[in-house]
Amino acid sequence: MRSHMPVLITCQTATPPAISLQQLRQRAERLLSLCGRARGELSILLLNDPEMAELNEQYRNKKGPTNVLAFAMQEGGGEHLPEELLGDVIISLDTAAREAATDGVTLHQRVTILLIHGLLHLLGFDHERSRGEAQAMAEREKQLLSQLLTEERRGKMVTLAINVDHVATLRQARGITEPDPVLAASICELAGAQGIVVHLREDRRHIQDRDVRLLRQTVKTKLNLEMGATEEIIKIALEIKPDMITLVPEKRKELTTEGGLNVAGQKKKLQEVIGRMRKAGIPVSLFIDPDTRQINAAHEVGATFVEIHTGRYCDATTEAMRDKEFSLIATAAEEAYEMGLRVNAGHGLNYLNTRRVAALGTIEELSIGHAVMARAILVGLDQAVREMLALLPAG
Ligand code: PXP
């Protein structure tokens, strides 16, 4: 008996593709199911334009590359083969990337659309036969894409990581031992927070080395250490081994982290830090502005996560500005997600502006500090955390 291999992906592009092949496979498998062909077998070949142009000339007598070609196994003498063998979908990533830019969608989304198009051809749809068929095919494409994306996102739950830096800020204001961020972290966890974040700054203005060491022992959920990429702090991270680190730009005079990291401008250095962390088993997140160039760079340097800076959205003073900033965050999160990066977000989120970001479906975790601590002073930390959790969509 043949073993079932639903989707085989072959990538023959000159450089590694800027999309997650694992996610593409999952989408292809799900599409087979949605088309009632869960037992079907499909081969996907990813190419560059020159190879696509050769195939286009050879099989369709047309010059130049095209976006997608589909070869059904049951045609051209393959009619006797098992029905499960659907055939090949061949996609040019160069053409897909150009079309993605024109349509204002991510590369992954464009490739998914081309995959759906190719798969429908394998299943007998043909837009070239008549106007009616073209319309039926376009409608089925739209329906499958929407079903696929809705399902993918519905299954995701957003988690809340609480930044307890400002408990330490209050302690440092008096230079004594209270309030203790370590105790605060435990209260946050008891209230349901799924992670604890602290920023060990070079100037040690709030969190101290002792706090990070104790938190490493007491945090039951996940400890995310925010830090600048300086040698001193890197050594501490490698020794203490938090569950993950988030690299942020750090300036001595700033009140809080101001902008995102310029990943594109320091790829070599970040690649080196990420490599050292990887050896120690510590996943790295890069705190970046919602900007395609930075997302591509984060993917290139091998980050596991990006944390999208929500500050400009939170600080927007008009509805129009807020909508514009929100749409940048939504697009950036989508791009990163579709590249296979894990996506967090944070900075400036409060009880009024969080719900919209949390509902995006592409974001895995929100990192929130100031708003929760400000409310905690008035209503208590347990309640402040619970109220924030109540704003997140349930899993
Ligand atoms: N994420 C990052 C990378 C940050 O630097 C901060 C602030 O320390 C936060 C999230 C939390 O921001 P806020 O305190 O405004 O909630």
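Conventions used here
- Residues numbered from 1 in each chain as written.
- Predicted model: local features only at pLDDT ≥ 70, side-chain atom pairs only at ≥ 80, totals over all residues.
- Heavy atoms only, no water.
- Pairing = 2+ DSSP bridges.
- Helix = DSSP H or I, 4+ residues; strand = E, 2+ residues; numbered from the N terminus.
- Axes fitted to C-alpha atoms, helices over the stretch in contact; angles between N-to-C directions.
- Contact = heavy atoms within 4.5 Å.
- Core = buried A, V, L, I, M, F, W, Y, C linked by side-chain atoms within 4.5 Å.
- Buried < 20%, exposed > 50% of the residue type's maximum accessible area, 1.4 Å probe, protein only.
- Phe/Tyr/Trp six-rings, centres within 6.5 Å; stacked < 30°, edge-to-face > 60°.
- Domains from an automatic or database assignment.
- Buried area = accessible area lost by both parts, 1.4 Å probe.
- Salt bridge = Lys/Arg side-chain N within 4 Å of Asp/Glu carboxyl O.
- Polar contact = N/O pair within 3.5 Å; in protein donor to acceptor, adjacent residues only side chain to side chain.
- Nonpolar A, V, L, I, M, F, W, Y, C, P; charged D, E, K, R; others polar.
- Expected span 1.5 Å × (residues − 1).

Attention shifts here to the sheet that holds strand 2 (residues 41-47). What links the strands of a sheet is backbone hydrogen bonding, and the strands pair in either a parallel or an antiparallel sense. A sheet is described by the order of its strands in space; here 4 strands give the open sequence 1-2-4-3, paired in mixed fashion. What marks the edges here is a single partner per strand, and that holds for strand 1 (7-11) and strand 3 (68-72). The average angle at which neighbouring strand axes cross in this sheet is 15°, direction not considered. Across 7 bridges, the pairing between strand 2 and strand 4 (residues 85-92) is parallel. In the strand pairing of strand 4, Leu 47 is matched with Ser 92. Helix 1 (residues 21-34) rests against strand 1, strand 2 and strand 4 of the sheet, and its axis sits at about 145° to strand 1. Sheet contacts for helix 3 (residues 93-103): strand 2 and strand 4; angle to strand 4, the most-contacted strand, approximately 65°.

It is worth spelling out the nonpolar core at this point. Leu 247, Leu 286 and Leu 366 are the most contacted members of the largest nonpolar core, which totals 78 residues. Tallying contributions element by element places helix 13 (residues 319-338) first for this core, with 7 residues. Ignoring sequence-local partners within four residues, the contact set of Leu 286 consists of Leu 247, Leu 261, Val 263, Ile 274, Ala 298, Val 301, Ala 303, Phe 305, Val 306 and Glu 307. By size, the runner-up hydrophobic cluster in this structure holds 32 residues, among which are Ile 9, Ile 19, Leu 32 and Ile 44.

Summarising burial for strand 11 (residues 342-346): 4 of the 5 residues are buried, a large majority. Taken together, the 5 bridges between strand 10 (residues 305-309) and strand 11 define a ladder with parallel strand orientation. Residue pairing for strand 11: Ile 308 is matched across the bridge by Ala 345. Direction of pairing for strand 11 relative to strand 12 (residues 365-368): parallel, over a ladder of 3 bridges. Within strand 12, the residue paired with Asn 344 across the bridge is Glu 365.

Let's shift gears to the packing of aromatic side chains. Counted by the stated rule, this structure contains 2 aromatic pairs. Between Tyr 313 and Phe 326, the ring centres sit 5.8 Å apart and the planes meet at 50°, which makes this aromatic pair tilted. One end of the pair, Tyr 313, is in helix 12 (residues 311-315); the other, Phe 326, is in helix 13, and 13 residues separate them in sequence. Given a relative accessible area of 3%, Tyr 313 falls into the buried group. Judged by relative accessible area, Phe 326 falls into the buried class, the value being 12%.

Moving on, we come to the domain arrangement of the chain. Taken domain by domain, the chain holds domain 1 (7-153) and domain 2 (159-389). On a C-alpha basis, the centres of domain 1 and domain 2 stand 38 Å from each other. Contacts between domain 1 and domain 2 engage 12 residues on the former and 9 residues on the latter. Across the domain 1 to domain 2 interface the summed buried area is about 840 Å²; carbon plus sulfur atoms make up 46%. Taken together, the links from domain 1 to domain 2 amount to 1 salt bridge. Here Glu 338 and Arg 27 are joined by a salt bridge, their closest N and O atoms 2.9 Å apart. Our count for the contact surface shared by domain 1 and domain 2 stands at 5 residue pairs in polar contact (both at pLDDT 80 or more). Of all elements in the fold, only helix 1, helix 4 (107-122) and helix 5 (131-154) reach the threshold of two or more residues within the side of domain 1 that touches domain 2. Top element by residues in the side of domain 1 that touches domain 2 is helix 5. It accounts for 3 residues. The class makeup of the residues in the side of domain 1 that touches domain 2 is 4 nonpolar, 5 polar and 3 charged.

As a further point, take helix 13. The periodicity of an α-helix, 3.6 residues per turn, causes residues three or four places apart in sequence to face the same way. End to end, helix 13 covers 28 Å across 20 residues, agreeing with the expected 28 Å (1.5 Å per residue, within 8%). Among the residues of helix 13, those classed as buried are Glu 325, Phe 326, Ile 329, Ala 330, Ala 332, Ala 333, Glu 334, Glu 335, Ala 336, Tyr 337 and Glu 338.

Structurally, His 108 can be placed in helix 4. Considered as a pair, His 108 and Thr 292 are 184 residues apart in the sequence and their alpha carbons are 14 Å apart. Beyond its immediate sequence surroundings of up to four residues, His 108 is in contact with Ile 19, Ser 20, Gln 23, Leu 24, Arg 27 and Glu 338.

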